[in-house]
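Residues per chain, in single letters:
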Amino acid sequence: LIWWLMLLPGLVLTLLFKYGSMFGVIIAFQDFGLGATGFFGNDWVGLDNFTYVFSLKAFGQSITNTLLIASCKMVLGIIVPLTLALLINEVGSKWFAKVVQTTYFLPFFLSWIILGGIITQMFSYNGIINTLVSLFGQEKILFLLDNGWFRTIIIVSDIWKGMGYNMVIFLAAIAGVDPSLYEAAEIDGANRLQRVWHVTLPGISPVVFLLSTLALSGILNANFDQVYILYNPMVYEGGDIIDTFIYRLGFTGDARMDVSSAVGLMKSLVSCVLVGGTYYFAYKKFGYRIF
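Notes on the structure follow. Here the structure is a predicted model, which means the values were calculated and not measured.

**Section: the overall build of the protein**
Okay, step 1: A tally of regular secondary structure across the protein gives 13 helices and zero strands.
Okay, step 2: Moving toward the C terminus, one meets the helices and strands of the protein in the order α-α-α-α-α-α-α-α-α-α-α-α-α.
Okay, step 3: Overall, the protein is about 80 × 70 × 35 Å in size when its C-alpha atoms are taken along their principal axes.
Okay, step 4: Here the protein holds 291 residues, and 35% of them are scored as buried.
Okay, step 5: Total accessible area computed for the protein in this model is approximately 17500 Å², and 69% of it derives from carbon and sulfur atoms.

**Things to note about the packing of aromatic side chains**
Ring pairs (aromatic) are described by centroid distance and by the angle formed between their planes.
Okay, step 1: As enumerated under the stated definition, the model contains 16 aromatic pairs in all.
Okay, step 2: Consider the rings of phenylalanine 29 and phenylalanine 50, whose centres lie 5.4 Å apart with planes at 45 degrees: the pair is tilted. Taken together, the positions of phenylalanine 29 in the loop between helix H1 (2–19) and helix H2 (48–54) and phenylalanine 50 in helix H2 put the pair 21 residues apart, joining distant regions of the chain.
Okay, step 3: Assessed through its relative accessible area of 25%, phenylalanine 29 is described here as partly exposed.
Okay, step 4: Relative accessible area serves as the criterion here: at 12%, phenylalanine 50 is assigned to the buried category.
Okay, step 5: Residues tryptophan 95 and phenylalanine 96 carry aromatic rings whose centres are separated by 6.1 Å and whose planes lie at 85 degrees to one another, so their mutual orientation is edge-to-face.
Okay, step 6: Classification of phenylalanine 96 as partly exposed rests on a relative accessible area of 40%.
Okay, step 7: Here the aromatic residues Phe224, Tyr228, Tyr231, Tyr236, Tyr247 and Phe251 are joined through ring pairs into a cluster of three or more.
Okay, step 8: It is lysine 161 that lies over the ring of phenylalanine 108; its NZ or CZ is 5.5 Å from the centre.

**Quick look at the environment of serine 271**
Okay, step 1: Residue position: serine 271 is located in helix H13 (residues 257–286).
Okay, step 2: Taking the C-alpha atoms as reference points, serine 271 and leucine 144, separated by 127 residues in sequence, lie 29 Å from one another.

**Quick look at the nonpolar core**
Okay, step 1: Residues Phe150 and Val263 are the most contacted members of the largest nonpolar core, which totals 35 residues.
Okay, step 2: Only H2, helix H3 (57–89), helix H5 (112–122), helix H7 (147–175), helix H10 (224–230), helix H12 (242–251) and H13 provide two or more residues apiece to this core.
Okay, step 3: For phenylalanine 150, the residues in contact, after removing those within four places along its chain, are Phe143, Leu144, Val227, Leu230, Tyr231, Val235 and Gly239.
Okay, step 4: One finds Leu171, Ala185, Val196 and Val208 within the second-largest nonpolar core, a separate group that totals 23 residues.

Procedures and definitions
- Residues numbered from 1 in each chain as written.
- Predicted model: local features only at pLDDT ≥ 70, side-chain atom pairs only at ≥ 80, totals over all residues.
- Heavy atoms only, no water.
- Helix = DSSP H or I, 4+ residues; strand = E, 2+ residues; numbered from the N terminus.
- Buried < 20%, exposed > 50% of the residue type's maximum accessible area, 1.4 Å probe, protein only.
- Areas by Shrake-Rupley, 256 points an atom, 1.4 Å probe, with all protein chains shown as cover.
- Phe/Tyr/Trp six-rings, centres within 6.5 Å; stacked < 30°, edge-to-face > 60°.
- Lys NZ or Arg CZ within 6 Å of the ring centre and 35° of its normal.
- Core = buried A, V, L, I, M, F, W, Y, C linked by side-chain atoms within 4.5 Å.
- Contact = heavy atoms within 4.5 Å.

Structural data, given as structure tokens:
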């Protein structure tokens, strides 16, 4: 009984703020705006808000941008830290390896507010990157006003921030590989690269595939905080993702909260299916379970 009493406050707060707030999804089926009178004083419009969303060109662009940015982040978010982990594992000097590991991990603890300011200053017209560009006799580039460059900066900066976290996971997996396998491979004449390819990578492949599988559940999340801090109207075409599109619909211009709720509901349903499917696959394939 004492365990249930200890669990009760957290359970009540979860039901109140997580599940109770879900009642607000009815906005997606109403004509709900700034002058709305609560949840029940508005006209019901059925699926009109969803139909309106599909007619918007910006909606299709936001989906394309989200899938492209999130996919690149997902793939590089595995490849880059995995490569770093393999390289650090081969470093003979342990103190140097620890220094490098700590250095790569530090950006993970910084918020996007801080990193956004740093990136904005670095890639501004008179920033350090354009200063280097001009030193080589090239024209300065408006990085944060160009759709192609903006998308690249979003992807690279996200990988830079988060690579230390996955790198530590891969290093832990590498530490769990049986040392006798390396000894056997060395006796058989395998060089260092061959030992990595035939021993290390197969040994940590379950962890790699597990992280890749779980990352699929977030394919519709391209990091709202990062994009919102860095983007501007000039790069809506190439940088506007679903979350920022929802924000602009609901809180700027005409403040169409009903339409933004419709987009949010569609995204939530798709994300729920993806999360459930990927976790079920992870459970069946790798025995991974939360509870």
